[in-house]
Amino acid sequence: MKKIAVLISGSGSNLEAIAKACEKNEINGEIKCVISNVPNAFGLERAKKYNLRSIVIDHSLFDSRIEFEKEIDKYLSLLKIDVIVLAGFMRILGKDITNKYFGKMINLHPSLLPLYPGLNTHLNVLQNKDKSHGISIHYVSAELDAGPIIAQGSIKVNSNQSISVLENRIHEVEHILLPEIVNEICNENIYLKDNIVIFKNNERSGHILKHYDV
Ligand code: GRF
């Protein structure tokens, strides 16, 4: 069974989706720790609810990003973590840690990358009157939101949709697709080789793309 670490900064609804799936044995893995860089993140309450070990590593207490990342790395190494999931983790990680864990660390991003890396993705979609929106799950590289894409989930954007409704629909997709992908990675059905995402037992090239009617 793979050892999973989930890094969060906020609400932690995706952490909860992974924790639920682990409980139901829908993920062949176990969350060994939740790391939050925000001391009062609501996700820490969710971690408690599922009896998960949580660690607060407050970035504001460190002199540099490198020191902050070394502290994160300390726990990832100590607990022999196999799969690291950035689920609403709002700090940019530098090249030392992303290189060390390249192929082991994935990120959830609320847009159809390469569209809209960074923040305010829902707002951008609405302002640009895009017809579709979605989420991306990708391996983390040193470049922000730009590592090899594993899977994307798309939705149709309804005209006059409010930002909060759109955001809720995006969350629904995240809560379905992220646990599925984490399980595939734990089962080694998806892995990274020479910078290319490999889907074992599959002729597939490119990444998984699913559409959701949520
Ligand atoms: C998600 O929409 C994720 O895509 C983005 O931040 C949000 C985190 O939500 N990076 P939660 O903390 O998992 O509820």
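Residues numbered from 1 in each chain as written. Predicted model: local features only at pLDDT ≥ 70, side-chain atom pairs only at ≥ 80, totals over all residues. Heavy atoms only, no water.

Novice: Got a sec to walk through the side chain of Ser 36? Specific residues and values, please.
Specialist: Among the structural elements, Ser 36 can be located in strand β2 (residues 29-36). Discounting residues that sit within four places of it in the chain, Ser 36 has contacts with Ile 8, Ser 9, Ala 41, Leu 44, Ile 55, Val 56 and Ile 57. (Helix = DSSP H or I, 4+ residues; strand = E, 2+ residues; numbered from the N terminus. Contact = heavy atoms within 4.5 Å.)

Novice: How would you explain the site of the ligand if you had to name every residue and give the values?
Specialist: Near the ligand, the surroundings consist of Ser 11, Gly 12, Ser 13, Asn 14, Gly 88, Leu 108, His 109, Pro 110, His 171 and Glu 174. Between the ligand and Leu 108 there is a distance of 3.4 Å, counted from a nitrogen atom to a backbone nitrogen or oxygen. When the residues that make up the shell around the ligand are grouped by side-chain class, the tally is two nonpolar, seven polar and one charged. (Near = heavy atom within 4 Å. Polar contact = N/O pair within 3.5 Å; in protein donor to acceptor, adjacent residues only side chain to side chain. Nonpolar A, V, L, I, M, F, W, Y, C, P; charged D, E, K, R; others polar.)

Novice: I'd love a proper account of the pattern of salt bridges, names of residues and values included.
Specialist: Counted by the stated rule, this structure contains 11 salt bridges. Residue Arg 65 is joined to Glu 69 by a salt bridge in which the shortest nitrogen-to-oxygen separation is 3.6 Å. With Arg 65 and Glu 69 both in helix α3 (residues 65-78) and four residues apart, this pair spans about one turn of that helix. By relative accessible area, which is 4% here, Glu 69 ends up buried. Measuring nitrogen to oxygen at the nearest pair gives 3.0 Å for the salt bridge that ties Lys 100 to Asp 73. Taken together, the positions of Lys 100 in helix α4 (residues 95-100) and Asp 73 in helix α3 put the pair 27 residues apart, joining distant regions of the chain. What emerges from the salt-bridge pattern is a single network uniting Glu 16, Arg 46 and Lys 49. (Salt bridge = Lys/Arg side-chain N within 4 Å of Asp/Glu carboxyl O. Buried < 20%, exposed > 50% of the residue type's maximum accessible area, 1.4 Å probe, protein only.)

Novice: Give a detailed account of unusual backbone geometry, specifying residues and quantitative values.
Specialist: Generally, phi is negative for residues other than glycine and the peptide bonds are trans, each holding for most cases. Cis geometry marks the peptide bond from Leu 113 to Pro 114; its omega dihedral reads 10 degrees. Within the fold, Pro 114 resides in the loop between β5 (105-109) and α5 (121-127). A positive phi angle, close to 55 degrees, is found at Asn 25, a residue other than glycine. Relative to the assigned elements, Asn 25 resides in the loop between α1 (13-23) and β2.

Novice: For the pairing of strand β9 (residues 196-199), give the residues involved together with the corresponding values.
Specialist: Here β9 shows a buried face lined by Val 197 and Phe 199 and an unburied face lined by Ile 196 and Ile 198. Two strands pair when backbone bridges link them, and strand β8 (residues 190-193) and β9 are joined in this way by four bridges, in the antiparallel orientation. Residue pairing across strands places Ile 190 opposite Phe 199, the latter belonging to β9. Connecting β8 to the antiparallel partner β9 that follows it, the hairpin turn spans two residues, and Asp 194 within it adopts a positive phi of roughly 50 degrees. (Pairing = 2+ DSSP bridges.)

Novice: Could you give me a rundown of the environment of Lys 32, with the residues and numbers involved?
Specialist: Residue position: Lys 32 is located in strand β2. Each C-alpha atom, one on Lys 32 and one on Lys 3, is 5.8 Å from the other, the two residues being 29 residues apart in sequence. Filtering out sequence-adjacent residues up to four positions away, Lys 32 remains in contact with Lys 3, Ile 4, Arg 53, Leu 79 and Ile 81.

Novice: Describe the side chain of Ser 9, listing the residues and the values that go with them.
Specialist: Mapped onto the elements of the fold, Ser 9 is located in the loop between β1 (2-8) and α1. On the basis of relative accessibility, which here comes to 11%, the residue Ser 9 falls in the buried class. Among the polar contacts made by the side chain of Ser 9, one reaches the side chain of Asn 37 at a distance of 2.6 Å. For Ser 9, the side chain forms a polar contact with the main-chain nitrogen of Met 90, separated by 2.7 Å. Filtering out sequence-adjacent residues up to four positions away, Ser 9 remains in contact with Ser 36, Asn 37, Val 38, Ala 41, Gly 88, Phe 89 and Met 90.

Geometry only, nothing functional implied.
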